[in-house]
Structure formats: structure tokens, C-alpha cells
Amino acid sequence: MSDTFTFAMGEFDAEFPTHFFYNKNHMWALPSPAPENDASGTVARTNGRFRFGLTAYAVRLLQDVYFLDWIVDPPTQLTARMTIGSIESKKAESDLFSPVAGTLTAINAEVLEDPSLINADPYGAAWLIEIETDEADALMTADQYGEHLVEAWKVAQQTIKGQANS
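Scoring rules and cut-offs
Residues numbered from 1 in each chain as written. Predicted model: local features only at pLDDT ≥ 70, side-chain atom pairs only at ≥ 80, totals over all residues. Heavy atoms only, no water. Helix = DSSP H or I, 4+ residues; strand = E, 2+ residues; numbered from the N terminus. Areas by Shrake-Rupley, 256 points an atom, 1.4 Å probe, with all protein chains shown as cover. Core = buried A, V, L, I, M, F, W, Y, C linked by side-chain atoms within 4.5 Å. Buried < 20%, exposed > 50% of the residue type's maximum accessible area, 1.4 Å probe, protein only. Salt bridge = Lys/Arg side-chain N within 4 Å of Asp/Glu carboxyl O. Phe/Tyr/Trp six-rings, centres within 6.5 Å; stacked < 30°, edge-to-face > 60°. Lys NZ or Arg CZ within 6 Å of the ring centre and 35° of its normal. 1 Å grid on protein atoms, 1.4 Å probe; cavity = no way out; pocket = protein on both sides within 12 Å on 5 of 7 lines; lining within 4 Å. Points joined across faces, edges and corners; volume = space filled by probe spheres on them. Nonpolar A, V, L, I, M, F, W, Y, C, P; charged D, E, K, R; others polar. Pairing = 2+ DSSP bridges. Axes fitted to C-alpha atoms, helices over the stretch in contact; angles between N-to-C directions.

Draft legend 1. Examining the overall build of the protein chain more closely. A tally of helices and strands in the protein chain yields 4 helices and 11 strands. Summed over all atoms, the accessible surface of the protein chain reaches about 9,000 Å², with 49% contributed by carbon and sulfur.

Below is the structure:
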């Protein structure tokens with residue numbers, strides 16, 4: 001089994017770690033502290049604390065992130081899809097939403113100080129937040145996220161084409 005899977009976004013290939021979990025808002029999730037893999041290399045999806053960051057898909061659509069702002073501070077009770085901050089890039093300014101309900105336990109001060117880390121190391125140093133949650137079942141496996149990307153990419157292409165025609 002490969003450590004990553006690749007998704008073609010036009011001429012760009014985005015890579016995704018297969019042992020991560022994902023959310024429909026294009027955030028990845030990993031148990032925190034870093035989990036021990038079992039013999040198959042699989043990470044267990046159990047309730048607890050998760051680190052979240054932006055996937056390569058989100059980073060590619062945003063392109064060159066240069067500003068990040070939070071409107072919540074730990075410890076804050078979050079609901080799923082609650083607005084928690086904003087992000088600005090070369091291509092867009094977007095709100096950031098909580099991927100799951102739970103308690104915000106940490107914000108990565110390094111990425112807040114230097115948002116360009118999101119462009120350089122989205123699956124490592126550029127983790128954004130930690131949330132203590134009992135909704136781990138809301139997270140998708142890499143296979144499920146890959147299926148979600150097919151539909152999300154269709155919508156993104158229509159949006160991009162619509163912007164090009166305006």
C-alpha cells in the first residue's frame with residue numbers, strides 16, 4: 001500500500017497521505033499527539049484530540065497563502081462548520097470553518113506568524129488547529145476523501161470556468 005494517493009487537478013497533481021483522515025471542507029486530520037501506526041500502517045480513528053490543516057487540494061486552489069487570522073481562541077467550544085477565522089491568498093480570501101464540533105485546544109502560532117508554511121509544508125509544520133472532539137466518525141478515510149474530491153473538482157472547474165466567462 002502506498003503512503004500517498006494522487007489526485008489530478010488539471011495539469012497539477014495533488015498528493016494526500018493515506019494514513020491521514022479528511023473532512024469535506026478540505027482539511028486533513030491526525031490524532032494528536034502523533035499516533036502509533038498498527039502493523040498495516042493504519043492509524044486508528046478514535047475520539048480525542050486531532051490536529052487539522054489544509055489539504056493539498058485546498059492549498060492548490062488558494063495558491064500562495066500570505067495571511068491567516070483567527071476569530072476564536074482556545075479553549076472555545078466549536079460547532080461543526082462554525083466560522084473560526086479567515087485566510088487570504090493570491091487567488092482568494094476565504095472564511096475558515098471548524099471541521100468538527102468540539103473544543104479548540106490549540107492554534108499553531110508558527111503558521112499564524114508565517115502563513116507561507118501552508119504553501120511549503122501543508123501536512124507537517126503548517127497544521128492549523130487542534131480540536132478535542134467526540135465526532136471522529138465525521139472524518140473520512142483517504143479512500144472516502146478521494147471519492148469526495150472527484151465531485152469537489154467538478155464543482156471547482158465549473159466555478160473556475162464561470163469566473164473566466166464573467
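From this point on, the discussion continues.
Draft legend 2. The nonpolar core, seen in detail. Formed by 29 residues in total, the largest nonpolar core has its most connected members in Phe52, Leu54, Ile118, Leu128 and Ile129. Within the residue set of this core, elements represented by two or more residues are strand 4 (27-31), strand 5 (48-54), helix 1 (56-62), strand 6 (65-70), strand 8 (83-89), strand 10 (102-107), helix 3 (117-120) and strand 11 (129-133). Core analysis: the next-biggest nonpolar cluster, separate from the first, contains 21 residues, Phe7, Phe16, Leu30 and Tyr57 among them.

Draft legend 3. How the structure looks around the pattern of salt bridges. Applying the stated rule across the entire model yields 4 salt bridges. The residue Arg51 makes a salt bridge to Glu130 at a minimum N-O spacing of 2.7 Å. Of this pair, Arg51 sits in strand 5 while Glu130 is found in strand 11, placing the two residues 79 residues apart along the sequence. The class for Arg51 is partly exposed, based on a relative accessible area of 30%.

Draft legend 4. Layout of the packing of aromatic side chains. All chains considered together, the criterion is met by 9 aromatic pairs. Between Phe16 and Tyr22 the ring centres are 6.2 Å apart and the planes differ by 80°, which places this aromatic pair in the edge-to-face class. Of the two residues, Phe16 and Tyr22, neither departs from the other in class, the shared state being buried. Consider the rings of Phe20 and Tyr123, whose centres lie 5.6 Å apart with planes at 90°: the pair is edge-to-face. Of this pair, Phe20 sits in the loop between strand 2 (12-17) and strand 3 (21-23) while Tyr123 sits in the loop between helix 3 and strand 11, placing them 103 residues apart in sequence. Here the two residues Phe20 and Tyr123 agree in accessibility, since each one is buried. Three or more aromatic residues link up through ring pairs in this structure, and these residues are Phe5, Phe16, Tyr22 and Tyr145. Taking the ring centre of Phe12 as reference, the NZ or CZ of Arg60 above it sits at 4.5 Å.

Draft legend 5. Up close: the layout of surface pockets. Here the largest pocket is characterised by a volume of approximately 800 Å³. Of all the secondary structure elements, the ones that give two or more residues to the lining of the largest pocket are helix 1, strand 9 (93-97) and helix 4 (142-164). Element by element, the count of residues in the lining of the largest pocket is highest for helix 4, at 7 residues. Counted by class, the lining of the largest pocket contains 16 nonpolar, 8 polar and 3 charged residues.

Draft legend 6. Molecular detail of the sheet that holds strand 6. On the basis of which strands lie adjacent, the open sheet formed by 3 strands has the order 6-8-9 and antiparallel pairing. The open sheet has two free edges, formed respectively by strand 6 and strand 9, since each of these has just one partner strand. On average, each strand axis in the sheet is inclined to that of its neighbour by 25°, with strand direction left out of account.

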